[in-house]
Amino acid sequence: MHDDHEEYLKTILELFRREPRGLSISDISREIGLNRNSVSKYVNMLTIAGKIEMKVVGPAKVYFLSERIPVSAMIEFSSDGIVLLDDGLRIVNANDRYLSLINRPKNEIVGVSIKDTDLLLLSSDIFITSVPRYGEGEKRIDDLLFMDGGEIRHFSIKILPAVFEGGKAGFVVIIEETTERWRTEETIRSALSEKATLLRELHLRVKNNLQLIASLINLQMMENSDDSISHALREAQNRILSLSIVHELLYAREVIGVVDMDDYLFLLAAELKRSFDLPDGSISHSVPGDGVTLDTDHAIAVGLIVNELTTIAIEAALRDNSPFTVEITLEERGDGHHLTVRSQYGHHTPEGLAITLVRTLVNKELGGGFEILPDGWEVVF
């Protein structure tokens, strides 16, 4: 029966060689005296094997000899190692690239089962267990390693189910060496890790230096009895500390250059309460939704704006000698970020250095808009 199977395939191929204009299933059925269902089966085998191709001519399907290069010829043009296996995992063919990897001639491995010999990569347990079963599609092994003279080499392997000449099932194995790519990626990962470490160290040093300056200003305030000078020094100290907090958070985060604004506003509010010796609850903050993260430049600008506006409200309330609260809110909406600082004091303060600084930061650093509200201020950016 198997001989009949091979004979019919050869006969059909010969028909196509004699008829370059193509043949339909009915044409083949009449020529060889075989029913249409059987002819369709053999034609499908030859189509899958790449021997013939189908084209639609009018209402009919017409088959022609394929103009594609046979797989056995194509594998030699590949820069990757390619091995053809039959359904019993015996080697049908291998290209020169793979033969150079294993340093063996083709006649030593063709016809050999990969389970019965020791072949580089193919005889490994991970490869054998990865071979697709009937009905499964392509399988991939992303990083298969082996030692070569003390050096680790990396390979990526694809195993594709295929049908070879004569309709025989098997597998095409594509073996790509990725050692150089892996080394390049590892070098990049190492460089990025080193860069992150250096950036964290930089943020730590900047934070420490800023806190040192803030401490020196504090000493100066303690030695000075002039209220106006002490007021100016405290404002400068708070601005410096607002910058210091950003670098403290950047040092602590895994993602360099991104600031969690919920954490930032919490620490900034705590620092302002400490600076003005305020009771708990006098300054509150909220970041609704899923939170807000900003890059370093935008976070610094927002921090300085919050510092200035909150300071205006606090100083106005202290002058009035009345209890007060300052509410800081930052949220992300469809039209951008909305920052509000609300208080019953301070929003009618005349234009001065603090408001000028806020307007400059909003325009130059955030590219946004600044609005005075009945109970505070709003920045949209």
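The rules behind the values
Residues numbered from 1 in each chain as written. Predicted model: local features only at pLDDT ≥ 70, side-chain atom pairs only at ≥ 80, totals over all residues. Heavy atoms only, no water. Pairing = 2+ DSSP bridges. Helix = DSSP H or I, 4+ residues; strand = E, 2+ residues; numbered from the N terminus. Axes fitted to C-alpha atoms, helices over the stretch in contact; angles between N-to-C directions. Contact = heavy atoms within 4.5 Å. Phe/Tyr/Trp six-rings, centres within 6.5 Å; stacked < 30°, edge-to-face > 60°. Lys NZ or Arg CZ within 6 Å of the ring centre and 35° of its normal. Expected span 1.5 Å × (residues − 1). Buried < 20%, exposed > 50% of the residue type's maximum accessible area, 1.4 Å probe, protein only. Arc of directions from axis to C-beta. Polar contact = N/O pair within 3.5 Å; in protein donor to acceptor, adjacent residues only side chain to side chain. Core = buried A, V, L, I, M, F, W, Y, C linked by side-chain atoms within 4.5 Å. Salt bridge = Lys/Arg side-chain N within 4 Å of Asp/Glu carboxyl O.

A.B. asks: If you had to explain the sheet that holds strand S13 (residues 369-373) to someone new, which residues and values would you point to?
C.D. replies: Pairing is mixed across the open sheet formed by five strands, whose spatial order is S9-S11-S12-S14-S13. Here the strands that pair on one side only, and so sit at the sheet edges, are strand S9 (283-286) and S13. Strand-to-strand twist across the sheet, computed as the mean angle between neighbouring axes with direction ignored, equals 15°. Pairing geometry for S13 and strand S14 (residues 376-380), over five bridges, is antiparallel. Bridging across to S14, Leu-373 finds its partner in Gly-376. Together, S9 and strand S11 (326-333) form the strand contacts of helix H9 (residues 261-276), whose direction differs from that of S9 by roughly 175°.

A.B. asks: Can you explain the pairing of strand S1 (residues 52-57)? Please cite residues and give values.
C.D. replies: Here S1 runs beside strand S2 (residues 60-65); their pairing, made up of six bridges, is antiparallel. Looking across to S2, one finds that Glu-53 is bridged to Phe-64. What sits between the antiparallel neighbours S1 and S2 is a turn of two residues, in which Gly-58 has the positive phi angle 65°.

A.B. asks: Requested: an account of the packing of aromatic side chains, with residues and values cited.
C.D. replies: Within the structure shown, the criterion is met by one aromatic pair. Directly above the ring of Tyr-42 sits Lys-41, whose terminal nitrogen or CZ lies 5.0 Å from the centroid. One Lys or Arg, Lys-55, reaches over the ring of Phe-64 and ends 5.2 Å from the middle of that ring.

A.B. asks: Describe helix H3 (residues 36-48), and please don't skip the residues or the numbers.
C.D. replies: For H3, built from 13 residues, the straight-helix expectation of 18 Å at 1.5 Å per residue is met to within 8% by its first-to-last C-alpha distance of 18 Å. Turning to H3, its buried residues number three or more, namely Val-39, Tyr-42, Val-43 and Leu-46. One face of H3 carries all of its buried residues, which in axial projection span an arc of 100°. Along H3, the residues that are exposed and aim more than 90 degrees away from the buried face are Asn-37 and Ile-48. Among the residues of H3, the N-terminal cap falls to Asn-35, whose side-chain oxygen and the backbone nitrogen of Asn-37 are separated by 3.1 Å.

A.B. asks: Kindly report on the sheet that holds strand S3 (residues 81-86), identifying the contributing residues and their values.
C.D. replies: Neighbouring strands of a sheet are bound in pairs by backbone hydrogen bonds; such pairs are parallel or else antiparallel. Spatial strand order, S4-S3-S7-S6-S5: five strands in an open sheet with antiparallel pairing. For this open sheet the edge positions go to strand S4 (91-94) and strand S5 (139-148), each flanked by a neighbour on one side alone. With direction set aside, neighbouring strand axes in the sheet form an average angle of 25°. The pairing of S3 with S4 spans three bridges and is classified as antiparallel. Along S4, the bridge assignment pairs Leu-85 with Ile-91. With respect to the sheet, helix H7 (residues 179-223) is in contact with S5, strand S6 (151-163) and strand S7 (169-177), its orientation differing from that of S6 by roughly 125°.

A.B. asks: Describe the nonpolar core, listing the residues and the values that go with them.
C.D. replies: By size, the foremost hydrophobic cluster in this structure holds 47 residues, and its most contacted members are Met-261, Ile-305 and Leu-309. Element by element, the count of residues in this core is highest for helix H10 (residues 296-320), at 13 residues.

A.B. asks: How would you sum up the pattern of salt bridges? Please name residues and give values.
C.D. replies: Applying the stated criterion to the full structure yields 17 salt bridges. Between Glu-19 and Arg-21 there is a salt bridge; the shortest N-O distance is 3.0 Å. Residue Glu-19 is classed as partly exposed on the basis of its relative accessible area, which comes to 21%. The salt bridge involving Glu-308 is made with Arg-239; its shortest N-O contact spans 2.5 Å. Of the two residues, Glu-308 is situated in helix H10 and Arg-239 in helix H8 (residues 227-252); the sequence distance between them amounts to 69 residues. For the pair shown, Glu-308 and Arg-239 are each scored as buried. A cluster of three or more residues bridged by salt bridges with shared partners is formed by Arg-97, Arg-153 and Glu-177.

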